[in-house]
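A closer look at the structure
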Amino acid sequence: MREIIVIIMGAVLVENFVLVRFLGICPFLGVSKKLNTAIGMSGAVIFVMTLASAFTWLVYEYLLAPFGLEYLQIIVFILVIAALVQLVETVLKKLVPSLYKALGIYLPLITTNCAVLGVALLNVERQYNFLSSVLFSFGAGLGFTLALILFAGVRERIEMSDIPESLKGLPITLIAASLVSVAFFGFQGLFQ
Amino acid sequence: MLDTIWIPVVVVGVMGLIFGLGLSYASKKFEVAVDERVSKVREILPGANCAACGQTGCDAFAEAVVAGNSPVNGCPVGGADVAGKIAEIMGVETSDVEEKVARVLCGGTNDTCRKKFDYEGVQDCLAAANLFGGPQACNYGCVGLGNCARACPFDAIVIENGLARVIDSKCTGCGKCVAACPKKIIEMVPASLEYTVCCSSTDKGNIVRKNCDVGCIGCGRCVRACPVGAIELKDNLAKINPELCNNCGECAKVCPTKTIQIFLCRKLNQAAV
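As a starting point, this report considers the structure included with it. The model shown is predicted, which means the values in this text are computed figures rather than measured ones. (Residues numbered from 1 in each chain as written. Chains lettered and ligands numbered in written order. Predicted model: local features only at pLDDT ≥ 70, side-chain atom pairs only at ≥ 80, totals over all residues. Heavy atoms only, no water.)

Structural notes on the overall build of chain A
When you go through chain A residue by residue, the secondary structure sums to nine helices and zero strands. Each helix and strand of chain A, ordered N terminal to C terminal, gives the series α-α-α-α-α-α-α-α-α. By the burial criterion, 47% of the 192 residues in chain A qualify as buried. Relative to all contacts within chain A whose residues are 6 or more apart in sequence, the contacts with residues 24 or more apart total 77%. As displayed, chain A has an accessible area near 9800 Å², and 69% of this comes from carbon and sulfur atoms. (Helix = DSSP H or I, 4+ residues; strand = E, 2+ residues; numbered from the N terminus. Buried < 20%, exposed > 50% of the residue type's maximum accessible area, 1.4 Å probe, protein only. Contact = heavy atoms within 4.5 Å. Areas by Shrake-Rupley, 256 points an atom, 1.4 Å probe, with all protein chains shown as cover.)

Next up, the structure:
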């Protein structure tokens, strides 16, 4: 039980994918302008990350490792993730249209999200077993959500502030992001 | 040596093949029946996904049109050309659909409306409105810091003397200003409606008089003057029903708040342009 908590909380706080590992910065800056789009994107990321890492783990363990093809992992993982997202989209559209509508454009966008690929590669690197890798990916998705929602709040305040002309737009956003990131480094060493 | 080449080629190739077959099977099996009119309408649209129609993009607009939630001429970018083609697909006449324009339901300029205080904060209506309801003495008045003008994709709103004004000839009826106004005093009305009560205050007449020279005091003279019964007085505020109004102008003649609260928004605007 303790191990499960350590893995999830570690992925959310200590190794927050966006703010500590700097993965998935593109959607982080892209959709954090408004709280509701941030929530939509986060839901899609949690969903796809968990599913994708389960599949990539199986592919790695039963296909790549036995044939000694570990060096193919990046290209194969991308293939698996892209195919999986496409499949999920088709199935959702038919079976759960409401969820499909809620996730909207964000679902196909995640195909190329480096955080999703990153979590799959990390699972392999750390030699997690199946359950641990699923938990770790779920935690990573939660961490992404936390970062996005926190930052959406920050950005909504930035919108209202009086900012020097040269810093308006992305510059001030990146500065704010780095400050939030520094705050998250405070979680280092939370677990021994 | 050859093994190191063909094994990965076969593995990745076979995986790709399996995924491809699986996906094509899934897309057939889970096919969702789409109204063919949606894709036809979508093809005609400009495809810029500008969202000026009020929907999230061209796809959403096409769906809304077919579902009957959006007018066939709802795409301001495509204009009459696109509207005609969409109307053809939907089997309606474009003239069946009424054009709409935005109207600012306030007449209080810096000269006519009193001030509670001088506002020197962030130049944003929402920020100002959150501070004691804005610098205007009237809590229903236009803040005049231009959130609507900034939201308008067509530069159809100008701020003049502390009051937002819609230029009818540029307004496409997208409704973005309605959403942007923190005071909720912008309304979409049929473009044919020539008279509008340019006030939103539901305060009692004496309070309106104290705050503003041009506010509706709810005297009801327009209601009695209207030959077709199109004006209704509710919460000390006259309101014209666009479906009944015949643009005769009797209401504007009798309105006692001298700067004529019920006035020719459209004609004044056109004269000014």
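Read on, since the account is not over.
Here's the deal with the overall build of chain B
Summing up its helical and strand segments, chain B has 11 helices and eight strands in all. Going through the 273 residues of chain B one by one, you find that 41% of them count as buried. Sequence-distant contacts in chain B: of pairs separated by 6 or more residues, those separated by 24 or more amount to 58%. Roughly 14600 Å² of accessible area belongs to chain B as shown, and the carbon and sulfur atoms make up 55% of that amount.

Remarks on the side chain of Asn211(B)
Turning to its location among the elements, Asn211(B) is positioned in helix H8 (residues 205–211). In contact with Asn211(B), not counting residues within four places along its chain, are Thr112(B), Cys113(B), Arg114(B), Ala137(B), Cys138(B) and Asp203(B).

Comments concerning helix H3 (residues 35–67) of chain A
Because each turn of an α-helix spans 3.6 residues, side chains separated by three or four positions in sequence point in the same direction. All names here are of chain A. The terminal C-alpha atoms of H3 lie 46 Å apart, and with 33 residues this matches the ideal 48 Å at 1.5 Å per residue to within 8%. A maximum bend of about 40 degrees is found in H3 at Tyr60. Looking one or two places after H3, you find Gly68, whose phi comes out positive at around 65 degrees. (Expected span 1.5 Å × (residues − 1). Bend = angle between axes of the 7 residues up to and from the residue.)

Observations concerning the pairing of strand E2 (residues 157–160) of chain B
Residues and elements named next belong to chain B. As judged from the four bridges shared by E2 and strand E3 (residues 163–166), these two strands associate in the antiparallel manner. Among the inter-strand pairings, Ile157 is bridged to a residue of E3, identified as Val166. The loop that links E2 with its antiparallel partner E3 comprises two residues; one of these, Asn161, has a positive phi angle of about 55 degrees. (Pairing = 2+ DSSP bridges.)

Quick look at the interface of chain B and chain A
Contacts between the two partners involve 18 residues from chain B and, on the opposite side, 18 residues from chain A. Taken over both partners, the interface formed by chain B and chain A buries close to 1500 Å², and the fraction arising from carbon and sulfur atoms is 87%. The largest share of the area that chain B buries against chain A comes from Met15(B), Leu23(B) and Phe30(B), three residues that together contribute 33% of it. The interface formed by chain B and chain A holds zero salt bridges in total. Counting across the chain B and chain A interface gives zero residue pairs in polar contact (both at pLDDT 80 or more). Per-element tally for the side of chain B that touches chain A: the top contributor is helix H1 (residues 2–29) of chain B, with 11 residues. A per-class count over the side of chain B that touches chain A returns 12 nonpolar, three polar and three charged. (Buried area = accessible area lost by both parts, 1.4 Å probe. Salt bridge = Lys/Arg side-chain N within 4 Å of Asp/Glu carboxyl O. Polar contact = N/O pair within 3.5 Å; in protein donor to acceptor, adjacent residues only side chain to side chain. Nonpolar A, V, L, I, M, F, W, Y, C, P; charged D, E, K, R; others polar.)

Things to note about the nonpolar core
Formed by 59 residues in total, the largest nonpolar core has its most connected members in Phe28(A) and Met41(A). Broken down by element, the residue count for this core peaks at 10 residues, all from H3(A). For Met41(A), the residues in contact, after removing those within four places along its chain, are Pro27(A), Val31(A), Tyr106(A), Ile110(A), Asn113(A), Phe144(A) and Leu148(A). Within the second largest apolar cluster, 33 residues are counted, among which are Ile185(B), Ile186(B), Val189(B) and Tyr195(B). (Core = buried A, V, L, I, M, F, W, Y, C linked by side-chain atoms within 4.5 Å.)

Quick word on the environment of Ala83(B)
Residues and elements named next belong to chain B. Relative to the assigned elements, Ala83 resides in helix H4 (residues 79–90). Take Ala83: its relative accessible area is 4%, and that puts it in the buried class. Separated by 10 residues in the primary sequence, Ala83 and Asn73 place their C-alpha atoms 4.4 Å from one another.

A short note on the packing of helix H7 (residues 114–125) of chain A against helix H8 (residues 130–160) of chain A
Residues and elements named next belong to chain A. Running from N to C, H7 and H8 cross one another at 145 degrees; their axes reach a closest spacing of 10 Å. Considering only the axes of H7 and H8, their crossing is right-handed. Facing Val119, Leu122 and Asn123 of H7, the residues of H8 in contact are Ser133, Phe136, Ser137 and Ala140. Tallied by class, residues from the contact of H7 with H8 come to four nonpolar, three polar and no charged. (Axes fitted to C-alpha atoms, helices over the stretch in contact; angles between N-to-C directions. Left-handed = near helix turned anticlockwise from the far one by under 90°.)

A look at the environment of Ala82(A)
All names here are of chain A. Of note, Ala82 is situated in helix H4 (residues 73–95). Residue Ala82 is classed as partly exposed on the basis of its relative accessible area, which comes to 30%. Considering only alpha carbons, one finds Ala82 and Thr111, 29 residues apart in sequence, at a separation of 5.2 Å.

Focus on the pattern of salt bridges
Residue and element names in this part refer to chain A. All told, the structure shown has eight salt bridges over all chains when counted by the stated rule. Between Arg21 and Glu15 there is a salt bridge, and its shortest N-O distance comes to 2.6 Å. The buried category is assigned to Glu15, whose relative accessible area is 15%. Notably, a salt bridge pairs Glu165 with Lys168, separated by 3.4 Å at the nearest N-O pair. Relative accessible area serves as the criterion here: at 64%, Glu165 is assigned to the exposed category.

Notes on the packing of aromatic side chains
Residues and elements named next belong to chain A. Taken as a whole and judged by the stated rule, the model has seven aromatic pairs over all chains. Geometrically, the ring pair formed by Tyr60 and Phe77 is edge-to-face, given 6.5 Å between the ring centres and 65 degrees between the ring planes. Separated by 17 residues along the polypeptide, Tyr60 in helix H3 and Phe77 in helix H4 bring together distant segments of the chain. For Phe77, a relative accessible area of 0% translates into the label buried. On the numbers, 5.4 Å between centres and 50 degrees between planes, the contact of Tyr128 with Phe136 is tilted. (Phe/Tyr/Trp six-rings, centres within 6.5 Å; stacked < 30°, edge-to-face > 60°.)

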